[in-house]
Structure formats: structure tokens, C-alpha cells
Amino acid sequence: MPEPLHLKDHSLEGRIFAYRLVVAAALVMGLSLLLVARFYNLQVTNHQDYATQSDRNRVHVQSIPPIRGLIYDRNGVLLADNRPSYTLSIVKERVADLDTTLALLQSLVEVSPGERENFAKRLKQRRRPFEAVPLRYRLNEEEIARIAVNEYRLEGVEVEAQLVRHYPLGSLLAHSVGYVGRISDRELSAFDEDQYRRYSGTHIIGKIGLEKQYESVLLGEVGYQNVETNARGRVLRVLEQTSPRPGKNLNLHLDIELQRAGFAALGDNRGALVAIDVASGGILAMVSTPSYDPNLFVTGISYKDYRELNESLDLPLFDRALQGQYPPGSTLKPVLGLGGLQHKVIDTEFGINDPGFYQLEGEERLYRDWTWRKKRDGHGSHVDLHMAIQQSCDTFYYDLAFRMGIDLMHQVGSEFGLGQRTGVDIPSERAGLWPSRQWKRGARGLHWFPGDSLNVGLGQGDVLTTPLQLASMTATLAARGERRAPRLVKAVDGIDVVPGAVKGAVADSPHWDYVFNAMKDVVHSARGTAQGIGRGAKYLMAGKTGTAQVVGIKQGEDYDEDAVAERQRDHALFVGFAPYEAPAIAVAVILENAGSGSAAAAPIARNMFDAFMAQENRELAGVREGED
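Note that the structure is predicted; figures quoted are calculated from it, not measured.

*Asks:* Break down unusual backbone geometry for me, with residues and values.
*Replies:* For residues that are not glycine, phi is negative in most cases, and the peptide bond is trans in most cases. Here the amide bond leading from Thr-289 into Pro-290 is cis, since omega sits at 0 degrees, within 30 degrees of zero. One can find Pro-290 in the loop between strand S12 (283–289) and helix H11 (295–298). Backbone torsion omega between Ala-578 and Pro-579 reads -15 degrees, so that peptide bond is classified as cis. Inspection of the secondary structure puts Pro-579 in the loop between strand S22 (571–578) and strand S23 (585–591). Even without being a glycine, Lys-344 presents a positive backbone phi close to 60 degrees. Secondary-structure assignment places Lys-344 in the loop between helix H14 (333–342) and strand S13 (351–354).

Okay, structure coming up:
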């Protein structure tokens, strides 16, 4: 009989099952251990790193720009403020196809090539992730509506309300207050880490004037907020916020009424005017014409507008009050006359014979008096310092300059700030040129000659001054030698700014009185060169006219204004102060190529004195009413 067939081997199956169970258990145990190890690595060992990376994907830091400080005149009139404006911006990280998005935007709103170029530059600049980059400023309501209707097609495009700098008085203060503009690549490359932080919330920076000088004060401190975003970068909620600190406000010495008066008086002329408070050194008005609208630069000036300004022959972008360097002409005569008295080169009895010219011993050249243009007999047989100032006698000053010599003249002029920056709190001031023996040797490798001194004595030759320097010189003269650095800013956030002391000029009291009296007679005597502006005045003023040559005249030739090209005619100047008894305001005026200082520049100074005195009278009347 065959052996019975066993269908199952229970023993073998048991062994196989046990083996498989062990293997499966070991595999499950190994995988579990591996999973636990991985969890431990994620949750314990590298928890902080992965948590940080996770937060970076959903939590972002956004900068909150501070509100820029405001600028006011001395009476609280707002000169620079911030106005809301709608800005079209793009968050690059949220845009799938930037070129397509830009093309779509251009079909909805106008975007100029210049705006596209500036946008491309800003994209390359250092910035935070998910930070919006401006494409267009100052959207109107219709443009905002178009973008809103197409919002579903414009992922990553934002319309934000931002505060934009605005100058309500336009061209009236363009050169003094200045303007802000977009941060350039050159400026950005010069930033240190702290500046990157401070400017992370803004795209503008002060470019010229007070906006540049006081940039760190006006800017404020940037704020931050941590926001949670979704996968597309849209903000879901604000997790934490640090508020920005607004910039500080500036209160100026500038008086907008006087600024308007000066601006109107200069009119269409190329020129400058500076008025200074004698007591404080505060600048009451500083005008340069022609001017321009600084609002054009705030969000980016168009190429067309900038080309028109930059290529204009009248140079509206050029600040003549601060950077224009002109021969001062006869406006220096009171200062040099005072120096001659104080250093006993001459006295009040000293006089010369004026035949209409001066001649150095051994030379054939005639140094002509200005009267040579009208008459050839000079000012008379006995011209003293008083008459020389009153009638602007060049011959007297040729003789005085020869007697003083360049070394003494340089010392006297330096005491009044000639050839030096005044230290005004605004950038880009030029120093002018007050020549000396050492300067000529170093700059030209030449010796100083007596003829050079004669030219300096008349404010000609190599002498150059800015209108601000002349105003500071006149204020120092009016203050009897007390020299103060001119200042535009009176207070920062209500805290007064006190300028440092500057070494001034020293002279005996009778000498000051003598020169002042001569300057008064320039305006109020029948033979004074500016006697026209003294008529009808209810107060006394003192001044000095000046006429500075632009082109030289050869020996034996006469100056014919009608035959000279307009831009080669003489400059007209005037300096003065008022009221005479207690000087409160000092003014310097220059008109380019306007001819006579008495006819062209002096009436402008009279307008400024009238405006100032009218204010003084109103204030005095107000005090009296209050007392009553």
C-alpha cells in the first residue's frame, strides 16, 4: 500500500510563519526607530533651524516708512509738507511672469520709458523679500479704477497710498529749502548697514538745500511689522508691529513775506538777493532767479523737463545766492575805508585831488574813475573818505589801496568773512576769492604787484564774492564787527539752534560812526549814488552801490553799454542795512548784466527794507494794542 499523502506540514509552516513574523517585526521596529530618529532630528536636534525656515516661508518682515518732518517759516507758514498719493507697485516674488504683467499694466495705465528704466534699476537694488517696488507714482482715480477692475489678472500688483513730499510754494523756495528725489544707485552704493536699515522703508532722499543738509533729522526712524502670508505671498495677518518714529520738524528764520517781496522785486532778472537779521544772523530771505518748481523732482522729473532746465542759458538750477561768484565792485568800499581809519593809514581829514584817474609813479597806465564814462574831471580837488563812500570815488580808493597794501587789505577783508565760507547750514556754498600775496604765488607762481592792489581796492581783478558773503559782510558791518554765521534753521522740533561764535572785526566807535554816516548819505544826500531810493522813506537806511565789470576795457577806450552784448554788460550790486539808528536787517542784491547798481539793484533793496519795516510797524502796533 502506498504511504498516506500529507497535505500540510504544520511544523514547517509554523517555522516559516515564525521567521516571517520576526523579519516583519524587525523591519517594522527598524522603520519605527528610523522614523523616531527622524522625528527627533526634526523636533529636537534641528528644531530651531526648521522652525526658522518655516517662518520664513510664511512670516515676512515689512518696513513701515516714517513720516518726513515738516518745514515751516518763522511765522509758522508751511513750506514743505507730505501729501497722500497713490503709487503703483509690484512685488516681484508674487509675479509669475514679470514681462507679461508689465505689458498688461502698460495697456491699462501709461508707463513712460523712464519709469520702466527706474523700475528696472530699483529691482536690482538691495531690498527685502516680498518688498513692493514702485513703478508709477501719482495715479489718478481713473487709473486706480482700471487696475481694480483687472485685479484678478494682476497677481503681485499693488496700489498703495503713500505720503509724498510736496512744496506748496513751488519755485519761491526751490534753492533754499531744496527738494527730495529718488535714491540713486550712487547714493545707495555709499550706504552703510545702518543707512540700509533706515532707508528700507522709503525710496527718497534729500537732494539739495535744507532737505539734504538736515536729511538725518527730517527722515525719522523706520518701523517694522511681521506679517503672515499664504503660499502666494498675500498678507493674512499682522503678527507684530513696531511703529515708525516721524522725522523732526524745522522752523526757519526765513520769512515768507520777505521772500515773496524779494522774488517779486527780482522779477525776470538773473540775480540773487539775501537778507539777514543783524541781531541773530538768521537768513530772512534768500532768493535766486530764475527759479524752478521743485515738485518736478520729487517722484522723478521727466527727461523733457530736465533737459529744458539743464540746457537753459539762464541756469535756473544754479543757486546764485550761494554758489554765484561775482566781483563785488564798490560794495567793499565801506569795509576797506573802515580798515584804513582803524589802522591809521588815513584819518577823517585826509583827502586827495581827483582828476578822474589815478596813476602809479613810473607807469603810463591810467586807472580811471567811474566818472570817466560821463565826465572827465573827477570828483574834485579834495575828496575825503566820506565823499569817496557817498559818491563812490574810485580814485580815492586806488590811492587808499596803494597805501594799505595787499597784506593789510587781506587782513581787513578776512575779518568780515571775505574769501571764506560763511558756515551757513546749507550744502554747496562756495568760498569766493579774497586774494593775497601768498595766494598769487601759489596759484600762479607770480609776485604781487601794486596794480593788483589797486584792482582789489575796487573789488575787481581776482576778487570774487557770493551774494551770501556780501550779506554776511554787511550784517557784520551793521553789527559793528560782531560776526555771526548765517543760519536758515531757527529751531528743530521747537528746540532753538544756537550758532557758534565767529571772530569778527574790531574798530573804534568813532570810526564806525563815520563810515555809517557816509553810507547813510549814499542814500539820503543829494549827491549820494543811491539817493533815488531814499526819497519818500519814513525811516533812514544806509547802503553802498556797486557796479562790477564783466569784460575788461582797454586803455583809451570808452564803455558803451549799447554796443556790448547783454550778457557782457556790468553787474549791478547794492548792500545796505536799516533802520540806520538801530540796524535790524542787512541786504545784499546782485543783478547780472543789469548795469548801474544805483539804478537797478538799489531799488530792490528799498523794496526789501519797506517790507521789513512794514512788518516791524505792524508788530509794534500789535504790542501797543495789547498794552492798551
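And the narrative resumes.
*Asks:* A description of the UniProt feature "transmembrane region" (unreviewed entry) in the chain should follow, citing residues and the corresponding values.
*Replies:* UniProt feature "transmembrane region" (unreviewed entry): in the numbering of this structure it lies at residues 21–40. This span, residues 21–40, is 100% helix and 0% strand, and a straight line between its end C-alpha atoms measures 28 Å.

*Asks:* Describe helix H16 (residues 394–415), with residues and values.
*Replies:* For H16, with 22 residues, the first-to-last C-alpha span of 23 Å runs short of the 32 Å given by 1.5 Å per residue. By the criterion of burial, H16 is predominantly enclosed, with 16 of the 22 residues buried. Where H16 ends, the next residue or the one after it, Gly-417, has phi of about 90 degrees, a positive value.

*Asks:* Could you give an account of the packing of H14 against H16, with specific residues and numbers?
*Replies:* At a minimum axis distance of 9 Å, the contact between H14 and H16 shows a crossing angle of 75 degrees. With respect to H16, the axis of H14 lies roughly perpendicular. Across the interface between the two elements, Lys-333, Pro-334, Val-335, Leu-336, Gly-337, Gly-339 and Gly-340 of H14 pack against Asp-394, Tyr-397, Leu-400, Met-404, Met-409 and Val-412 of H16. Looking at the contact of H14 with H16 residue by residue, the class counts come to eight nonpolar, three polar and two charged.

*Asks:* An account of the UniProt feature "active site" (unreviewed entry) in the chain is requested, with residue identities and associated values reported.
*Replies:* The residues that UniProt annotates with the feature "active site" (unreviewed entry) are Ser-330. With respect to the helices, strands and loops of the structure, Ser-330 is situated in the loop between helix H13 (320–323) and H14. Here Ser-330 falls in the buried class, since its relative accessible area comes to 8%. Residues contacting Ser-330, with those up to four places away along its chain left out, are Ser-392, Asp-394, Leu-458, Lys-544, Thr-545 and Gly-546. There is a polar contact of 3.0 Å between the side chain of Ser-330 and the side chain of Lys-333.

*Asks:* Can you break down the pattern of salt bridges residue by residue, with the values?
*Replies:* All chains considered together, the criterion is met by 24 salt bridges. Note that Asp-521 and Lys-520 form a salt bridge whose closest N and O atoms lie 3.4 Å from each other. The same class applies to Asp-521 and to Lys-520, which are both buried. Connected through shared salt-bridge partners, Arg-68, Arg-165, Glu-211 and Glu-215 make up one network.

What counts, and at which threshold
- Residues numbered from 1 in each chain as written.
- Predicted model: local features only at pLDDT ≥ 70, side-chain atom pairs only at ≥ 80, totals over all residues.
- Heavy atoms only, no water.
- Helix = DSSP H or I, 4+ residues; strand = E, 2+ residues; numbered from the N terminus.
- UniProt positions renumbered as here; feature names shortened; annotations may be inferred.
- Expected span 1.5 Å × (residues − 1).
- Buried < 20%, exposed > 50% of the residue type's maximum accessible area, 1.4 Å probe, protein only.
- Axes fitted to C-alpha atoms, helices over the stretch in contact; angles between N-to-C directions.
- Parallel < 35°, antiparallel > 145°, perpendicular 65-115°, else oblique.
- Contact = heavy atoms within 4.5 Å.
- Nonpolar A, V, L, I, M, F, W, Y, C, P; charged D, E, K, R; others polar.
- Polar contact = N/O pair within 3.5 Å; in protein donor to acceptor, adjacent residues only side chain to side chain.
- Salt bridge = Lys/Arg side-chain N within 4 Å of Asp/Glu carboxyl O.

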